[in-house]
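Analysis of the macromolecular model
Listed here are the chains, written in short residue letters.
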Amino acid sequence: MRHTIVNIFASAALALPALASCSLFQLDTYQEPDATLYGSIIDVSTGEPVPGDIVSGTTLKLIEHGYTDPTPTYLVVKNDGSYRNTRLYEGTYTIQPDKRNFLPVDAQQIYISGQTQLDFYVTPYIRFRNVSITKEANTVLATFNLEPTTLDAVAEIALFASDQASVGSTVNSVSKIKTVNSGVLPTRGFKIGIDVADNSSYFKENKEYYFRLGARSSYSGALYNYAPTVKINIGEFVDDTSRPGVFFDECESLDGWKSQGTLAVDTSDKTQGNACLSTTVPKNALLFFEKALSTPVDTQVSLEDGVLAFDLYVADLNAFGWGLGDAQIEITSGGKADVGELHWTFLADDLKLRPGWNNIRLSMAGARKTGGNIDLTAVNYFRLYHTRLNSDATLKIDNIRFYEDF
Amino acid sequence: MFLLSALILLSVQCDKIKMTPDPEPEQDVETSVIPLAENTIYTYALSNSLTPGCYDECVAASTLQGILNRQGPVMYLYGANTNKTSQWIEMFSKPGGWLEGRQQVKLESFGELLRLGKNVIKGVIIYDPDVPATINVATTMAGVEDGIVFSPEQAEKYAAEYGLAILHDFRSQFDGSLSGSAKNDAYRWAIDNYLDKGLCSTTQSFLYEDSRYNRPVGNLEYTYCRDFAVKERGFVFDLSPWEDEAPRDDASQPLGTDKATYIRILESYLRQTAGQHMTCLNGFFSKKKYSEIDGLGGAHGQVATEWESVWIASPYNVYMDTGPGEVYNMSFHSNAPFKPMKQGRPQLGQPQDGKTYLLFQLADYDGAGPLWEYMLNGIWNDDNRGSIPVIWGINPNLIDKLPDIMQYIWSTKTDADWFGADASCAGYINPNRIQEQYLPLFVEHNKKYYVMCDISISPMVLDQSQPSEAVKNAFMEFSPDGMATIVMNYHGGGTGLVNHVWNNTMPVFNLNNSVCGMGSQPENLAAGVSKVISKTSDPTPRYYMFRVIWVGPGKIINAVNQLRTLRPDLDIEVLDPYNFFHYFKTTYNQ
């Protein structure tokens, strides 16, 4: 309900003609809005407040009685699940949470006067359990379980970071969001992390930042549910090569490697160890690097969080035609292509390739599958090919490894 | 000028200023009975705020509606999230429609609904949200005792104010002390006190999901459909057909408790019907409770659970109507006058060598839901309907619940639209599971519905093995122009079907279901059909029958055109079902 009185300024003779239809003298009887409504959104099961987003988060819709076509007023619920409005008119209202991160509740009538408290006891769509947020190496890592309160799939989980205490899905400078899109049992463990060194344009060493863990239900219109915000001093960045991982191949020798180009060990240019592999493939060929292992590698990663990483040197981007389906990067557990395979399209834009060395990181969750499921405990094949070369092309590769990125 | 502008703004808006807050006026609530007027339809618009209160409103309104509509088409509900309720009543209120000339009176509030209901209800039955099965037991009781189903909150708010007696309060009645499951204790109490005493209908029964997962989120599934259950005084339940896995909603129950109660219900029907008539089980198993959900586990998939439900019901002469859960106002529609319908027959021709003959069955209208949803301003309005012959698979039993809609469909068919019974026959059942002594009853039941719908083809008989000789003999009596089957062998021991002609009379055919979900993308449908049809130099005519769900003929035309491009080696002709089976029989007999 709009009460336009709040914008009245000092009187002036110039304005008097305009008041013909609305006596100025009546305004003397007007009461300022002085009633306060306050309260919290409380988890009916735990008795704890249900935190949310202060920006685009939960709102309470208020409709004041006594009007034929009332305009609703919306109260914003703060990050900690509390709300307060001190400028309401005394009277009867219908109030109902509008945008929500909890199961719908019915509208209720309330008479507001003086200091009126109204708490909403609700069931959040998702509860967090066993939350731990710590920094390990360069990663702020959260581990946790989820307890959805409906059978709806969990749409996504997220870790948000900011120097603002109101950090969340709408207030953050860095975020990591992972799609889940499945039902979740309380026994299922989750991990999600933010690599602060990778985001050094924002994170500064030895500074404190707020981190907040969120999860969103696929229930239509559901907002994020949150674990409590934590403040972490991110300390010093550590050397990236200390990132734990398992090598597919360190690219120190030609052992088992094939190429349709001139394959060589290059000790003068490398990103790891003592050498990298280089090849120059003629325009009419396609295979750059291929290796089948006699002893498979246990990658020690999951399909959900696993990453295939390697360093790739591109001499000339113009040597490659960049059309969909022209080129792939593949790993398999079948000892050859197309059997238990994960593959990614080798596209300059997707991989953000630049001339020179590129750090390639390929998420296994985003890979395509061919020929059945890959066995990540026994990966034994790698291939990189390109079918549309504009000219002879040179690539170098080094440091092919697997690790988990949360 | 700024000041002037501000004051002008004030003058324009001053009529909206509330000078002093008004206390809410105390008003006497009108609770007197609204007398029922003749030739009048009372309408009520349901709200849908996705809240438990909204769920409760819908349950109460629909249970009351069921009792009111025993007297005729008295009460009609408008759904909040669908335009179908308004479209259907507008359709039948047109000149010549069965509702022409009836006055519509809108009930403005839930209170007015109760005042109208006081004409017919004897009181209130309060269910216990903590034992969600009691909403089904309360619905059963409402039908038998002429009650309205209330939640505890509704009872507190309305019962005393409107002078409604409390017929029964289920709160705290069931704790699992008898069976190890409060849910099963509730249903077993209802079996003992209502079903086994012969107080419930043995013609219509109801497998409706309870409030466990729907009420907290204000999901209205299985709320507004309760009217027909109450009208028919049907027994309402929600149980798992599996005995090897505890249901998700009652994980601590002794293994197999749900199934044991389920069987008790089926046994009661067979005992009471004594082979005199069959029983329709309206509804579907709860996917949320009894089948696999991605990420939440579950030993059995959805299709397997559907098939298991039919498998266990069939020996008790119980067949399914899987789709009423999404339909409003069945108790209203069921009052429509019905006359036997005609679809006619095409002129029969002769097959030619070198041809590949195709038949497309447009499905899946075996339940009331898709029929109600898609047959007005939906698939049935496809501009290309009439341009390609198809067989629509529709459950003939729906004349019991939606006779007006069935007649609308039959009366608006084109010369290219043909109808067959789907699924299985007059009701979704596994014919091989019917006990031999009840096959004559099965024949009698189907003859009745096939004649009323002028159907003589059964394009999708579902079973777990190929039809037995006895079953084929039974089908010959009501489906002589052909039967097609899908055989899925979940229980082992069955064998697949070879297309043939039974007793030189009835074609028996395999219905190909491999492309059923591809209809919305004709290029996929064409590729899928192409995959099924092998290359050959044999000129003998070949026959393929495909089932495609929830698309109109336009998509089929598009797919067939793409198939012709994809397979220039084929001389394709799409046939109507009568010529298809007639051609096949001709070729087979040669």
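Residue positions are given per chain, counted from 1 along the sequence in the order it is written. Each chain is given a letter, starting from A, and each ligand a number, starting from 1, according to the order in which they appear as written. Only residues with pLDDT of at least 70 get local features here, since the model is predicted, and only at 80 or more are side-chain atom pairs given and counted; chain-wide, interface and lining totals rely on the full set of residues. Just so you know, side-chain values use all the structure's heavy atoms and leave hydrogens and water out.

1. Some thoughts on the packing of aromatic side chains
Under the convention used in this document: The pairing test for Phe, Tyr and Trp rings, Trp by its six-membered ring, is centres within 6.5 Å, and the orientation test on the planes gives stacked under 30 degrees, edge-to-face over 60, and tilted for anything in between. Secondary structure elements follow DSSP: runs of H or I no shorter than four residues count as helices, runs of E no shorter than two count as strands, and numbering proceeds from the N terminus. Burial status follows relative accessibility: with a 1.4 Å probe on protein chains alone, a residue under 20% of its type maximum counts as buried, one over 50% as exposed, and anything between as partly exposed. Working rule: Lys NZ or Arg CZ, within 6 Å of ring centre, within 35 degrees of ring normal, means a charge sits over the ring.
Considering all chains together, one arrives at 62 aromatic pairs over all chains under this definition. Seen in terms of ring centroids, W380 of chain B and W392 of chain B are 5.0 Å apart; in terms of plane orientation they differ by 70 degrees. Their pairing is edge-to-face. Placement of W380 of chain B in the loop between α13 (368-374) and β12 (390-394) and of W392 of chain B in strand β12 is noted, with a sequence separation of 12 residues between them. Exposure class is identical for W380 of chain B and W392 of chain B. Each is buried. Each residue in the set Y357, F509, Y543, F580, F581, Y583, F584 and Y588 of chain B is aromatic and connected to the rest through ring pairs, giving one cluster. The cationic tip of R212 of chain A hangs over the ring face of Y226 of chain A; the distance from NZ or CZ to the ring centre is 3.8 Å. Above the ring of W311 of chain B, the side-chain terminus of R433 of chain B is found at 3.7 Å from the ring centroid.

2. Section: the side chain of T59 of chain A
Residues and elements named next belong to chain A. What counts here: We call two residues in contact whenever any of their non-hydrogen atoms come within 4.5 Å of each other.
Residue placement: T59 occurs in strand β2 (residues 59-64). Of the residues examined, T59 reaches a relative accessible area of 10% and is grouped as buried. The contact partners of T59, leaving out residues within four places of it in the chain, are Y74, L75, Q96, P97, D98 and K99.

3. Some points on the domain arrangement of chain B
Residues and elements named next belong to chain B. Note the following rule: What counts as a domain boundary in this text is fixed by an automatic or database domain assignment. Two parts placed together each lose some accessible area under a 1.4 Å probe, and adding up what both lose gives the buried area. Whenever a carboxyl oxygen of Asp or Glu lies within 4 Å of a side-chain nitrogen of Lys or Arg, that contact is scored as a salt bridge. Nitrogen and oxygen atoms within 3.5 Å of one another constitute a polar contact, given that in protein one can donate a hydrogen and the other can accept it, and given that sequence-neighbouring residues count only through two side-chain atoms.
Once the domains are mapped, chain B shows domain 1 (40-333) and domain 2 (356-589). Averaged C-alpha coordinates put domain 1 and domain 2 at centres separated by 31 Å. Across the contact, 40 residues belong to domain 1 and 42 residues belong to domain 2. Taken together, both faces of the contact between domain 1 and domain 2 bury some 3,600 Å²; the carbon and sulfur share is 64%. Looking at the side of domain 1 facing domain 2, the largest losses of area belong to W88, W307 and W311, adding up to 24% of the total buried there. For the pair domain 1 and domain 2, the interface holds 1 salt bridge. At the junction of domain 1 and domain 2, the tally comes to 15 residue pairs in polar contact (both at pLDDT 80 or more). Secondary structure elements with two or more residues in the side of domain 1 that touches domain 2: α3 (84-93), β9 (279-283), α11 (302-313), β10 (318-321) and α12 (330-333).

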